[in-house]
Amino acid sequence: MKQLMTGNEAIARGAWEAGVQFASAYPGTPSTEILENMSKYDEVFSEWAPNEKVALEAAIGASFAGGRAMASMKHVGLNVAADPLFTLSYVGVTGGLMVISADDPGLHSSQDEQDNRYYAKAAKIPMLEPSDSQECKDFVKAAFEISEKYDAPVLMRMTTRVCHSKSIVEMGDRVEVPFIPYEKKMKYDPIPAVSKILHRHVEERMTALEKFSNETELNRVEYHDKKIGIVTAGVSYQYAREVFGDNASYLKLGFTHPLPMDKIRAFAKEVETLYVIEELDPFMEEQIKAAGIECVGKEKLPLMYELNPDIVRKELLNEESETIEINPEEIAKRPPTLCAGCPHRGFLYQLSKEKRAIAVSDIGCYALSGMDPLNCKDIAICMGGGFSVAHGAQLMFDKAQTGKKCFGMMGDSTFFHSGMTSLLDAIYNNSNVVLTVMDNRITGMTGHQENPGTGYNIKGEPANATDIEAVVKALGCKHVKVVNPLKLDEVKEAIEWGINVEGPAVIITRWPCVLKKLSAEDKAEFGNYKATNVVDHEKCIGCKRCIKTGCPALAYDKKTKKVSIDKGQCVACDVCTQVCPKGAIGREEK
């Protein structure tokens, strides 16, 4: 049976067919759908973990207990999981274990575009790179075989285009792999004396893996015209094929660490000019040149952003494809913005008006608040950094006697991810900072995945719900305030309270994401609050104060100098109603 699948769907299918027993992840684009699809297979225990480190550690435990396991994450998530990954390289596996890193060339939804192929090199573990959905499925099955044969975790490097593009996949049946009986082994306890022995095993394994890389069919040669030879991997192979077709020969690499240098050297001798086409860093190119093989790579191709056929064609063939000319002035500007009715808007709008405040954001929907018209966010670095960066900055602002007050901001899922330790740092060191947990009752930006605070697991089954307020108080915070972020007077009072309180203070804003399908618990707590607002044009003076809330349901007509509300978007969150000086906005009468 054949089916059209994304790369992420195909990875889940491949893991199921390979007899995987356990899968864990933390959501992050472009990797999120891997576990979402994995959870549809009842034979696999799937779970959302609080963060990527925990996901990998749980997968390690499942592997040691004798089952095949996997952990998936976006590229920056592997930074969080790097600690167990490097030690796991020494320790090895029992049941096969695969780690999936979904890189994001072009920064479609990320704060950087790091090249995670270097993790395979640094950790000294094998790495695979599929080019389409069929390879995603097939390479997963190969990864578990490699993992168990060579006693190593396997890194699969995906990129956004491979994750989300669709192609035909030939389906297979699940193979039930028997559990490997647990035995107490010295390698499971890598104290220094043990790790010295294990390191020797790692180096011997790398030698064996390099031999494998030169023999495996995962690395294949496609000979056509030999004037041009191309070494490539991942989605770059698709771009190269589209541009050169049969006018070039290809060494298509699926197993990219360690590189099959003997095969590359033999291929290079068969072609006149050797190109290395790869996205982001010259990971393969540098190693090929270090081996004394002449090739052309980043001298012509860019180091940044995604490649595409047009870039490859222009830089290597000096040709440009015919395209339709577009008038830039006719393209509507659509910057990312908070949804109409977003519960974060009221708090962010009110905080942006406070001149004494420095807003330190985390990664999430609220990170969209740094642009017009809200202009709230000042700083953002990484997951969990919203609190700890604010704490460090506050110490310096206090020392310099600036009168500034830092407001750290992070969502509920991010708080569980890595915010609790950041909060503990601020409390332990008696920081004068205000830390805000913006609890919209779901993991919002990545598409409504459950988290420890929602009361449900990945399959929608009831789960233990963690009370954020109780956690904050248990960590030792004495100043805690819970507010409805859509009530501006309540928010304003809380912000003023936070500025004046001595010592660490926490504000918890609690209201569900406007797009969330409300649970029974949500309905009991928040009720059926959605309605529609309208503008009374007789009262509207066109002051545009409501527009400054940044709600996309509001539009200002330059001709009439009046504001209108898109009824298809409005849910009557009432933030605009509260800022209108003339009372021109109110509920639509049914």
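Before any of the text, the structure's been laid out above.
Residues numbered from 1 in each chain as written. Predicted model: local features only at pLDDT ≥ 70, side-chain atom pairs only at ≥ 80, totals over all residues. Heavy atoms only, no water.

### Examining the overall build of the protein chain
A tally of helices and strands in the protein chain yields 20 helices and 23 strands. Taking 590 residues into account, the globule formula puts the C-alpha radius of gyration at 25 Å, and the protein chain, at 27 Å, falls close to it. Counting only C-alpha atoms, the protein chain reaches 80 × 65 × 55 Å along its principal axes. When each of the 590 residues of the protein chain is scored for burial, the buried share is 55%. Nonlocal contacts in the protein chain, meaning residues at least 24 apart in sequence, comprise 74% of its contacts between residues at least 6 apart. Only carbon and sulfur atoms are counted for the fraction: they give 52% of the accessible area of the protein chain, which is about 26400 Å². Of the side-chain charges in the protein chain, 70 are positive and 82 negative, and the distance between the mean point of each set is 5 Å. (Helix = DSSP H or I, 4+ residues; strand = E, 2+ residues; numbered from the N terminus. Rg over C-alpha atoms; globule rule 2.2 N^0.38 Å. Buried < 20%, exposed > 50% of the residue type's maximum accessible area, 1.4 Å probe, protein only. Contact = heavy atoms within 4.5 Å. Areas by Shrake-Rupley, 256 points an atom, 1.4 Å probe, with all protein chains shown as cover. Lys, Arg positive; Asp, Glu negative; His and termini not counted. Charge placed at Lys NZ, Arg CZ, Asp CG, Glu CD.)

### A few points about a nonpolar patch on the surface
On the surface, a nonpolar cluster with roughly 380 Å² of combined accessible area is contributed by Leu-107, Leu-303, Met-304 and Tyr-305. Look at Leu-107 and you get partly exposed, because its relative accessible area is 30%. (Patch = residues over 30% accessible without salt bridge, like charges linked within 9 Å, V, L, I, M, F, W, Y side chains within 5 Å. Salt bridge = Lys/Arg side-chain N within 4 Å of Asp/Glu carboxyl O.)

### A word on the packing of helix 15 (residues 385–399) against helix 16 (residues 412–428)
Axes are the key here: two packed helices are described by the angle between their axes and the distance separating the axes. Contact pair helix 15 / helix 16: the axes reach a minimum separation of 7 Å and the direction vectors enclose 20°. The angle between the axes of helix 15 and helix 16 places the two elements in the roughly parallel class. For the pair helix 15 and helix 16, the sense of crossing is left-handed. Of the residues in helix 16, those touching helix 15 at Phe-387, Ser-388 and His-391 are Phe-415, Gly-419, Ser-422, Leu-423, Asp-425 and Ala-426. Looking at side-chain class alone, the contact of helix 15 with helix 16 contains four nonpolar, four polar and one charged residues. (Axes fitted to C-alpha atoms, helices over the stretch in contact; angles between N-to-C directions. Parallel < 35°, antiparallel > 145°, perpendicular 65-115°, else oblique. Left-handed = near helix turned anticlockwise from the far one by under 90°. Nonpolar A, V, L, I, M, F, W, Y, C, P; charged D, E, K, R; others polar.)

### Looking at the sheet that holds strand 11 (residues 249–253)
Taken together, the four strands give an open sheet; going across it, the order is 9-11-10-13, and neighbouring strands pair in mixed fashion. Taken across any chain shown, the strands that pair with only one partner, and hence form the sheet edges, are strand 9 (219–222) and strand 13 (273–277). Each neighbouring strand pair of the sheet contributes to a mean axis angle of 15°, computed without reference to strand direction. Direction of pairing for strand 9 relative to strand 11: antiparallel, over a ladder of four bridges. The residue of strand 11 that forms the bridge with Val-221 is Leu-251. (Pairing = 2+ DSSP bridges.)

### Points about the sheet that holds strand 15 (residues 377–380)
With respect to topology, six strands assemble into an open sheet ordered 15-14-16-17-19-18, the strand pairing being parallel. Two strands lie at the open edges of the sheet, namely strand 15 and strand 18 (479–483), each paired on one side alone. Sheet twist, expressed as the average angle between the axes of neighbouring strands with direction ignored, equals 25°. Pairing between strand 18 and strand 19 (residues 505–510): five bridges, direction parallel. Within strand 19, the position partnered with Lys-481 by the bridge is Ile-507. Strands strand 14 (357–361), strand 16 (405–411), strand 17 (434–439) and strand 19 of the sheet are contacted by helix 14 (residues 344–352), whose axis makes an angle of about 165° with strand 16. Set on the sheet, helix 16 makes contact with strand 16, strand 17 and strand 19; between it and strand 16 the angle comes to about 145°.

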